[in-house]
There are 2 protein chains.
Amino acid sequence: MRTVKLTKESTKDILENLLKRSPNNYGKFESTVAQILDKVKNEGDAALFAYTKEFDKADVTKETIRVTDAEIEEAYAQIDPALLGVIRKALVNIRQYHEKQIQNSWFTSTTDGTMLGQKVTPLNRVGVYVPGGKAVYPSSVLMNIVPAKVAGVPHIVMTTPPGKDGKVCASTLVAAKEAGADEIYKVGGAQAIGALAFGTESIPKVDKIVGPGNIFVALAKKAVYGYVSIDSIAGPSEILVLADETANPHFVAADLLSQAEHDELACAILITTSEEFAKKVDEEVKGFVEVLSRKEIIQKSLDNFGYILIAEDMDEAIEAANEIAPEHMEIVTANPFEDMMKVKNAGAIFIGEYSSEPLGDYFAGPNHVLPTNGTAKFFSALSVDDFIKKSSIVYYSKSALRNIRKDIIQFATSEQLTAHANSIAVRFEDEDKE
Amino acid sequence: MRTVKLTKESTKDILENLLKRSPNNYGKFESTVAQILDKVKNEGDAALFAYTKEFDKADVTKETIRVTDAEIEEAYAQIDPALLGVIRKALVNIRQYHEKQIQNSWFTSTTDGTMLGQKVTPLNRVGVYVPGGKAVYPSSVLMNIVPAKVAGVPHIVMTTPPGKDGKVCASTLVAAKEAGADEIYKVGGAQAIGALAFGTESIPKVDKIVGPGNIFVALAKKAVYGYVSIDSIAGPSEILVLADETANPHFVAADLLSQAEHDELACAILITTSEEFAKKVDEEVKGFVEVLSRKEIIQKSLDNFGYILIAEDMDEAIEAANEIAPEHMEIVTANPFEDMMKVKNAGAIFIGEYSSEPLGDYFAGPNHVLPTNGTAKFFSALSVDDFIKKSSIVYYSKSALRNIRKDIIQFATSEQLTAHANSIAVRFEDEDKE
């Protein structure tokens, strides 16, 4: 980790360095992704099977692409019952939190006969992408499916790449079943996104695609945006810890490393008002790296995207944090709640010494699918909001419309939209003739 | 308009025809748009001035690109005071409706020391694109700015193309001022979207870009999605009227034409259970077309994308309407409220004989920026939701974390994320050693 004095310039340099990780800078893969999507659109299942053979080295056919009940039962038999117990406990918390996000339809009305409102409807079909490959994350399965389920989505379709043996990892299947996936298909990468966006013989077209994935998945999601909706485009993980001299450097160092271990593009930043504290954290980090199993990934991530920033005071620290807009922010200061109130941009905010970030990854209830790479300035955590849409409702009685007809006609006429004006005028042409 | 019997096949054919209008099928302009965006990103203001000269035939400089207070005063002097009065009345309704959409931050807590919640923060900078060119729509200015203002966005930046004289239309400026735009710049097209997404010397980078535009604007918005957020990608306007024999064919015909006049790609569909009613509407449409000022546009739009569909019963009609997922839906039936309850996919629903669609375009209060081209299956009207984001809040006390520490450690370990497990374990290493 580099220790740097926090200034406007150093913040700018860091932001530029972090943005190098953005999926927007991987244009060279765009044409490959476009090719894959086109082929899936035109050839359907055949393209899926061919790409799964090519990329995942797995044979998948019309008969085997959909995960069967027998395969799910087999997965339950394989999984550690203690882990199943933990998954079920986590699910209770995740459901409870997301149920608080449910929005109601509403209306207002007036006695002269107007009703205005918003009707909330869940999406009909949602596709959940679950990565396979190097690491398997059943927690991610829960986090993507639960908000859709809580929103009331009737058809939740999951896709995930199979292993070379054509099987899906047992813990992924169990998590999907527990969370409530309705259909599960063995396909990954950009080809899975194409199948969900356009539909194939085996896989139904969905209305929205969510879930993290590698750069091909991210670019494919961006490419199909508009045909279907997508969640925000996920980038590498980030943690930013705001700490003063009251924080425990041992704990803070452990938390920084918990994100650094995700991958070599992950980012861990400490902003502190205490130089002495900064030194202690740096030492603690070095100590931990030696003993952690994912040492090599951690070291690369820290070398590339690890920063210890020394701020003049907490306000300056928070200002920089708002500029960086991290995915995860921990606030470990003398007055963490007060400091939280000043935070504008962060995917999730963890307050105080015992709210370690992994608490949110697995268990507390809030979603761990969070905006990365500065997008917390405009995106939010995955939530029930992502799986509903709202229709405006407008009702006016004859007398209510009569009262404002001339205003509408004038406004429409000023925009030269005479057929708009006409549609109001015809309703009162008898009266207005007199 | 073509009269067609409603079947699964005819619905499918119509959907395919309508999708021809999608911005996703204009790939040939993508490279032009990419070039414009690149040039704006690299050359800033200079590129803006050059493109404004090329496309809008207007001279704009560093000194004149931002609309001045004097120009706004001049616009007020030019505008019809009666229109200003109507704009102000409409603003009251639009504000009132959008204020109902405000979402609160919330939290839940338990007595053993856990707090979970969501903190709502408005976006900091929003860019509103307002088209110029053929038609000028001050109503669109209101609809795009008000929800941002109600959400609490502190910096609202508007861009709109200037005329050849380097001026912006008076009614646009007045509407922008009344609605609460903070800065207004004279630039349009893909170059304006580039300026808002990347920033130039004159125009600040924003967090989100909203507002309708031509195909270049739509493609540019899609291209910058991820750098910034965007609203949904707007397509040509649509109206779908659900009517039975109780409806007034004169009114329904007028309403169909009110959307058909927007442009040649606009779409007007009647679905009815009565063949006789269908015939009457067809006749009424023919009568109206002759006398309306935008006759030529209307005729082309009806020829290409106008349909009268005859359904067996209202349930079949509603099912097809849900498949089409229109921007605007009118329900003019014997039981319009009951039928509304069965509608899943529509941007806005207008209920009953006197809730003519233009009422929503100008005056009632709900937003007229609505999802088009079937995207009402997953997108909503522009709303206050578009201008806020939510940060998850997590607080656990030491004892609350102690109670679940082993569950988290087990879950993290099962995902081989040992540094995640470590960040929980270190907090209890003294106790757990014993």
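Residues numbered from 1 in each chain as written. Chains lettered and ligands numbered in written order. Predicted model: local features only at pLDDT ≥ 70, side-chain atom pairs only at ≥ 80, totals over all residues. Heavy atoms only, no water.

Quick word on the overall build of chain A
And step 1. Helix and strand content of chain A: 18 helices and 14 strands.
And step 2. Dimensions of chain A, computed from the C-alpha atoms along their principal axes, are close to 90 × 60 × 45 Å.
And step 3. Put simply, 75% of the contacts in chain A that link residues at least 6 apart link residues at least 24 apart.
And step 4. In the structure as shown, chain A presents an accessible area of about 16200 Å², 51% of it carried by carbon and sulfur atoms.
And step 5. For chain A, the distance from the average position of its 46 positive side-chain charges to the average position of its 62 negative side-chain charges is 6 Å. (Helix = DSSP H or I, 4+ residues; strand = E, 2+ residues; numbered from the N terminus. Contact = heavy atoms within 4.5 Å. Areas by Shrake-Rupley, 256 points an atom, 1.4 Å probe, with all protein chains shown as cover. Lys, Arg positive; Asp, Glu negative; His and termini not counted. Charge placed at Lys NZ, Arg CZ, Asp CG, Glu CD.)

Topic: the nonpolar core
And step 1. Ranked by size, the top nonpolar core spans 259 residues in total, and within it Leu 256 of chain A together with Leu 256 of chain B carry the most contacts.
And step 2. Discounting chain neighbours no more than four positions away, the residues touching Leu 256 of chain A are Met 1, Ile 239, Val 241, Ala 268, Ile 269, Leu 270, Val 281 and Val 285 of chain A. (Core = buried A, V, L, I, M, F, W, Y, C linked by side-chain atoms within 4.5 Å. Buried < 20%, exposed > 50% of the residue type's maximum accessible area, 1.4 Å probe, protein only.)

Brief notes about the UniProt feature "binding site: substrate" (unreviewed entry) in chain A
And step 1. Per the UniProt annotation, the sites labelled "binding site: substrate" (unreviewed entry) are Ser 237, Gln 259, His 262, His 328, Asp 361, Glu 415 and His 420 of chain A. For the annotated residues, spread through 184 residues, the largest C-alpha to C-alpha distance comes to 56.1 Å, inconsistent with a single compact locus.
And step 2. Within the element layout of this structure, Gln 259 of chain A appears in helix α10 (residues 249–260).
And step 3. What Gln 259 of chain A contacts, discounting residues up to four positions off in sequence, is Ser 237, Glu 238, Ile 239, Ala 266, Cys 267, His 328, Glu 357 and Asp 361 of chain A together with His 420 of chain B.
And step 4. Judged by relative accessible area, Glu 415 of chain A falls into the buried class, the value being 2%. (UniProt positions renumbered as here; feature names shortened; annotations may be inferred.)

A closer look at the packing of helix α4 (residues 69–78) of chain B against helix α7 (residues 170–179) of chain B
Residues and elements named next belong to chain B.
And step 1. The geometry of α4 relative to α7 is characterised by a closest axis approach of 8 Å and an angle of 110° between their N-to-C directions. Between α4 and α7, the interaxial angle falls into the category roughly perpendicular. The two elements α4 and α7 meet at a crossing, and its hand is left-handed. Seen from α4, the contacting residues are Glu 71, Ile 72, Ala 75, Tyr 76 and Gln 78; seen from α7, they are Ala 170, Leu 173, Val 174, Lys 177 and Glu 178.
And step 2. Looking at the contact of α4 with α7, its residues break down into six nonpolar, one polar and three charged. (Axes fitted to C-alpha atoms, helices over the stretch in contact; angles between N-to-C directions. Parallel < 35°, antiparallel > 145°, perpendicular 65-115°, else oblique. Left-handed = near helix turned anticlockwise from the far one by under 90°. Nonpolar A, V, L, I, M, F, W, Y, C, P; charged D, E, K, R; others polar.)

So, the interface of chain A and chain B
And step 1. Taken together, the 119 residues of chain A in the interface contact 119 residues of chain B.
And step 2. Counting the surface lost from both chain A and chain B, the interface buries some 10200 Å², and carbon and sulfur atoms represent 60% of this.
And step 3. Considering only the side of chain A, the residues that lose the most area to chain B are Tyr 225, Tyr 354 and Phe 411 of chain A, jointly responsible for 8% of the buried surface there.
And step 4. Scanning the region where chain A abuts chain B turns up six salt bridges.
And step 5. The salt bridge involving Lys 390 of chain B is made with Asp 385 of chain A; its shortest N-O contact spans 2.4 Å. (Buried area = accessible area lost by both parts, 1.4 Å probe. Salt bridge = Lys/Arg side-chain N within 4 Å of Asp/Glu carboxyl O.)

Comments concerning the UniProt feature "active site" (unreviewed entry) in chain A
Residue and element names in this part refer to chain A.
And step 1. Per the UniProt record, "active site" (unreviewed entry) is found at Glu 327 and His 328.
And step 2. On the basis of relative accessible area, Glu 327 is assigned to the buried category, the value being 6%.
And step 3. Among all residues touching Glu 327, those that are not within four sequence positions of it are Pro 236, Ser 237, Glu 238, Ala 346, Gly 347, Ala 348, His 368, Leu 370, Pro 371 and Thr 372.
And step 4. Within the structure, the side chain of Glu 327 is placed 3.5 Å from the side chain of His 328, a separation counted as a polar contact.
And step 5. Within the secondary structure layout, His 328 lies in strand β12 (residues 328–332). (Polar contact = N/O pair within 3.5 Å; in protein donor to acceptor, adjacent residues only side chain to side chain.)

Let's talk about helix α8 (residues 189–198) of chain B
All names here are of chain B.
And step 1. Of all the ten residues making up α8, ten are buried; the element is thus mostly covered by neighbouring parts of the structure.
And step 2. Three or more residues of α8 are buried, namely Gly 189, Ala 190, Gln 191, Ala 192, Ile 193, Gly 194, Ala 195, Leu 196, Ala 197 and Phe 198.
And step 3. Once α8 ends, the next one or two residues include Gly 199, with phi positive near 80°.

A word on the pairing of strand β11 (residues 306–310) of chain B
Residues and elements named next belong to chain B.
And step 1. By the criterion of burial, β11 is predominantly enclosed, with five of the five residues buried.
And step 2. Along β11, one buried face is formed by Gly 306, Ile 308 and Ile 310 and the opposite face, lined by Tyr 307 and Leu 309, is buried too.
And step 3. Bridge count for strand β1 (residues 2–5) against β11 is four bridges, and the pairing is parallel. In the sheet register, Thr 3 faces β11, and the bridge partner there is Ile 308.
And step 4. Both strand β10 (residues 267–272) and β11 contribute to a ladder of five bridges, which runs parallel. When the bridges of β11 are listed, Ala 268 appears paired with Gly 306. (Pairing = 2+ DSSP bridges.)

Describing the packing of aromatic side chains
And step 1. With the rule as written, the count across this model stands at 21 aromatic pairs over all chains.
And step 2. Here Phe 378 of chain B and Phe 379 of chain B contribute two aromatic rings whose centre-to-centre distance is 4.8 Å and whose plane-to-plane angle is 75°, an arrangement assigned as edge-to-face.
And step 3. One aromatic cluster is present, built from ring pairs that chain together Tyr 225, Phe 378 and Phe 379 of chain A together with Tyr 225, Phe 378 and Phe 379 of chain B.
And step 4. Seen from the ring of Phe 428 of chain A, Arg 405 of chain A lies directly overhead, with NZ or CZ sitting 5.4 Å from the centre. (Phe/Tyr/Trp six-rings, centres within 6.5 Å; stacked < 30°, edge-to-face > 60°. Lys NZ or Arg CZ within 6 Å of the ring centre and 35° of its normal.)

A short note on the sheet that holds strand β11 (residues 306–310) of chain A
Backbone hydrogen bonds are what pair the strands of a sheet, in a parallel or an antiparallel way.
And step 1. Spatial strand order, β1(A)-β11(A)-β10(A)-β9(A)-β12(A)-β13(A)-β14(B)-β3(B)-β2(B): nine strands in an open sheet with mixed pairing. On the outer flanks of this sheet lie β1 (2–5) of chain A together with β2 (106–110) of chain B, each paired with one strand and no other. Averaged over neighbouring strand pairs, the angle between their axes works out to 20° when direction is ignored.
And step 2. The sheet strands contacting helix α13 (residues 314–324) of chain A are β9 (238–243), β10 (267–272) and β12 of chain A, and the helix crosses β9 of chain A at an angle near 170°.

Considering the pattern of salt bridges
Residues and elements named next belong to chain A.
And step 1. Overall, the coordinates contain 51 salt bridges over all chains when judged by the stated rule.
And step 2. Among the ionic pairs, Lys 208 bridges to Asp 386, the shortest N-O distance being 3.1 Å. Of this pair, Lys 208 sits in strand β7 (residues 208–210) while Asp 386 sits in the loop between α15 (357–362) and β14 (388–396), placing them 178 residues apart in sequence. Taken individually, Lys 208 and Asp 386 each receive the classification buried, so the pair is uniform in this respect.
And step 3. Between Lys 342 and Asp 315 there is a salt bridge, with its nearest N and O atoms 3.1 Å apart. Of this pair, Lys 342 sits in the loop between α14 (336–341) and β13 (348–351) while Asp 315 is found in helix α13, placing the two residues 27 residues apart along the sequence.
And step 4. In this structure Lys 342 comes out as partly exposed when scored by relative accessible area, which is 42%.
And step 5. Bridged by salt links that share partners, the residues Lys 398, Arg 402 and Glu 431 form one connected network.

Examining the side chain of Arg 405 of chain B
And step 1. Topologically, Arg 405 of chain B is positioned in helix α16 (residues 398–414).
And step 2. Leaving out residues up to four positions away in the same chain, Arg 405 of chain B has contacts with Ile 424, Phe 428 and Asp 432 of chain B.

Quick word on the relation of the copies chain A and chain B
Mapping between the two copies of the chain is achieved by a rotation about an axis and a shift along the axis.
And step 1. The two copies are related by a screw motion: chain A maps onto chain B through a turn of 180° and a shift of 0.0 Å along the axis, at an RMSD of 0.0 Å. Those values place the two copies in the arrangement expected of a two-fold rotation axis. The position closest to the rotation axis in chain A is occupied by the C-alpha of Lys 222 of chain A, lying 4.3 Å away.
And step 2. Most of the interface of chain A is mirrored in chain B, where 100% of its interface residues again form contacts. (Least-squares fit on C-alpha atoms with pLDDT ≥ 70 in both.)

Notes on the sheet that holds strand β5 (residues 155–160) of chain B
And step 1. Judged by pairing direction, the sheet is parallel, and its five strands sit side by side in the order β6-β5-β4-β7-β8 (chain B) without closing on themselves. The open sheet has two edge strands with one neighbour each: β6 (183–186) and β8 (229–230) of chain B.

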